[in-house]
Amino acid sequence: MTKFRTLDDLSDLTGKVALVRVDLNLPMQDGAVTDDTRVRAAAPTILELSAKGAKVLLLAHFGRPKGERVSTMSVSMTLDAVQAVLGKEVMFVPEIAGPVLAQSIGILQPGDIALLENTRFWKGEEANDPEFAKAIAANADIYVNDAFSAAHRAHATTEGLAHLLPAYAGRSMEAELKALDKALGTPVKPVAAVVGGAKVSSKLDVLTHLVTQVDHLIIGGGMANTFLAARGVNVGKSLCEHDLAPTAEKIMETAEQSGCIVHLPYDVVVAKEFAANPPSLRTCNVHEVAADEMILDVGPQAVEALADVLKTCRTLVWNGPLGAFETEPFDMATVALAKSAAALTSEGALVSVAGGGDTVAALAHAGVTEQFSYISTAGGAFLEWMEGKELPGVKALEI
Ligand code: ADP
Ligand code: MG
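Just so it is clear, the structure is predicted and the values come from calculations on it, not from any experiment.

The rules behind these values
Residues numbered from 1 in each chain as written. Chains lettered and ligands numbered in written order. Predicted model: local features only at pLDDT ≥ 70, side-chain atom pairs only at ≥ 80, totals over all residues. Heavy atoms only, no water. Helix = DSSP H or I, 4+ residues; strand = E, 2+ residues; numbered from the N terminus. Buried < 20%, exposed > 50% of the residue type's maximum accessible area, 1.4 Å probe, protein only. Arc of directions from axis to C-beta. Contact = heavy atoms within 4.5 Å. Pairing = 2+ DSSP bridges. Right-handed = clockwise from strand over helix to strand, strands pointing away. Salt bridge = Lys/Arg side-chain N within 4 Å of Asp/Glu carboxyl O. Core = buried A, V, L, I, M, F, W, Y, C linked by side-chain atoms within 4.5 Å. Domains from an automatic or database assignment. Axes fitted to C-alpha atoms, helices over the stretch in contact; angles between N-to-C directions.

Before going further, it helps to examine the environment of Cys240. In this structure, Cys240 sits in the loop between helix H8 (221-230) and helix H9 (245-258). On the basis of relative accessible area, Cys240 is assigned to the buried category, the value being 16%. Along the sequence, Cys240 and Ala230 sit 10 residues apart, while their C-alpha atoms lie 10.0 Å from each other.

Right, let's get into helix H3 (residues 98-107). Inspection of H3 places Leu101, Ser104 and Ile105 among the buried residues, and these make up the whole buried set. Down the axis of H3, the smallest arc covering the buried residues is 100°, so these residues share one side. Set apart from the buried face of H3 by more than 90 degrees, the exposed residues are Pro99, Gln103, Gly106 and Ile107. Close packing links the buried residues of H3 with strand E1 (17-21), strand E4 (55-59), strand E5 (90-93) and strand E6 (113-116).

This paragraph deals with the environment of Thr247. Tracing the backbone shows Thr247 in helix H9. With 20 residues separating them in the primary sequence, Thr247 and Phe227 have C-alpha atoms 9.1 Å apart.

The two faces of a sheet get side chains in turn, since along a regular strand they alternate between them. Burial runs high along strand E15 (residues 315-319): five of the five residues are buried. The two faces of E15 match: Thr315, Val317 and Asn319 on one face and Leu316 and Trp318 on the other face are all buried. Taken together, the five bridges between strand E9 (residues 191-195) and E15 define a ladder with parallel strand orientation. When the bridges of E15 are listed, Ala193 appears paired with Val317. Pairing of E15 with strand E16 (residues 351-355) involves four bridges; the strand directions are parallel. Across the sheet, the residue bridging to Leu316 is Ser352, located in E16. Running through helix H11 (residues 332-346), the crossover from E15 to the neighbouring parallel element E16 is right-handed.

Let us now look at the pattern of salt bridges. Tallied over the full model, the rule gives 17 salt bridges. Taking the shortest distance from any N to any O, the salt bridge between Glu48 and Arg171 comes out at 2.8 Å. Residue Glu48 is found in helix H1 (residues 37-51), and its partner Arg171 is found in helix H6 (residues 171-185); the two are separated by 123 residues along the sequence. For Asp292, the salt bridge goes to Lys272, with nearest N and O atoms at 3.7 Å.

A word on the nonpolar core. Counting 80 residues, the largest nonpolar core has Leu19 and Leu217 as its most contacted members. For this core, the two domains that each supply at least three residues are domain 1 (7-172) and domain 2 (187-386). When neighbours within four sequence positions are excluded, Leu19 is seen to be in contact with Leu57, Leu59, Leu116, Ile136, Ala137, Ala140, Ile142, Tyr143, Val144, Leu161 and Leu165. One finds Leu10, Ala18, Leu26 and Val144 within the second-largest nonpolar core, a separate group that totals 29 residues.

Judged by pairing direction, the sheet is parallel, and its six strands sit side by side in the order E11-E10-E9-E15-E16-E17 without closing on themselves. Both edges of this open sheet fall to strand E11 (261-263) and strand E17 (374-376), since each of them pairs with a single strand only. Averaged over all pairs of adjacent strands, the angle between strand axes in this sheet comes to 15°, irrespective of strand direction. Contacting E9, E15, E16 and E17, H6 crosses the sheet at an angle of about 110° to E17.

Right under this line is the structure:
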């Protein structure tokens, strides 16, 4: 595991200036924040640095302004949400470096917090321009990265700054890295991975990496259809990438060589039309899917068998729902397996780590968010980690 400094390595910071990279790319509707999860994730780090007496400067991107000031993408849109979560007044500074920022720092008292403007208003951010990073660092004493979700990008405020200032992982970054290490870095074996979702093509690298890392690979969702088709199963009208059959075969071959058992559903839930509780709904063996039917979920017998697989495992990493869970009853397999994993985790028999945009929603729908060991809300960064890639923002924290 990457060795990195944490806030435990910091004591009194009275009057010191701490640059803290956070994720404030919050979902908004009609000018109001609709979900403050990301602010709540960063709050412990911000408040801890403030309590240690630092002048805390928050760095974040918001939207894709592509190196220009775009008023509708000002980070100030998140200011109310940030103040509400922190329970403190936060000063907004419409700059990221230079004299205006220096002046603002002069006004701040130890423990005060300021929110700096959208890092992506400047071209140097995404270009990871060292001069740009130097201008930001010039005002500060330390750099704290608490935005794992942006760590797959080598940008000035996610990577560059870590080379210019003493760099620390914030509390949420620390928790994420520890959880991910337990899941795939140095996991307790046997390890199971669940990979579902719509398409194989979006997760080729994930599958290819996982078959060399885990003992059981459970494939569900639309991507299972591509694997079933590659094995000669007629999947009817199901979502299926027939041209990827050779790729699916290759992945299964690599799995066999690596001693990884690939689990594909042997019963499935099918329908002739994709709608909630359609009249044509039925459960059948994978070999009995009619030409005008589509597979929309893993069947109950397969789920039971998969739950038994989980009972033999000590670690689970999960990305992608097993079925079209947004539409009833195609959430059944995902909900049932999630509940099995949650129960095993509660008993202390399993470490369960999950991530991915739709996966987070699916597991919340199953009501297991609290029981899982860790659920990552980082989309792209989580997937790149599952692909076995080194994340530049994490690498830069290494000591
Ligand atoms: P994540 O965002 O967690 O990485 P994906 O985006 O890869 O997950 O996949 C989620 C989507 O896959 C969901 O919208 C779900 O409806 C869809 N899906 C799952 N199973 C099927 C299936 N059998 N047929 C069609 N779509 C499916
Ligand atoms: Mg998705």
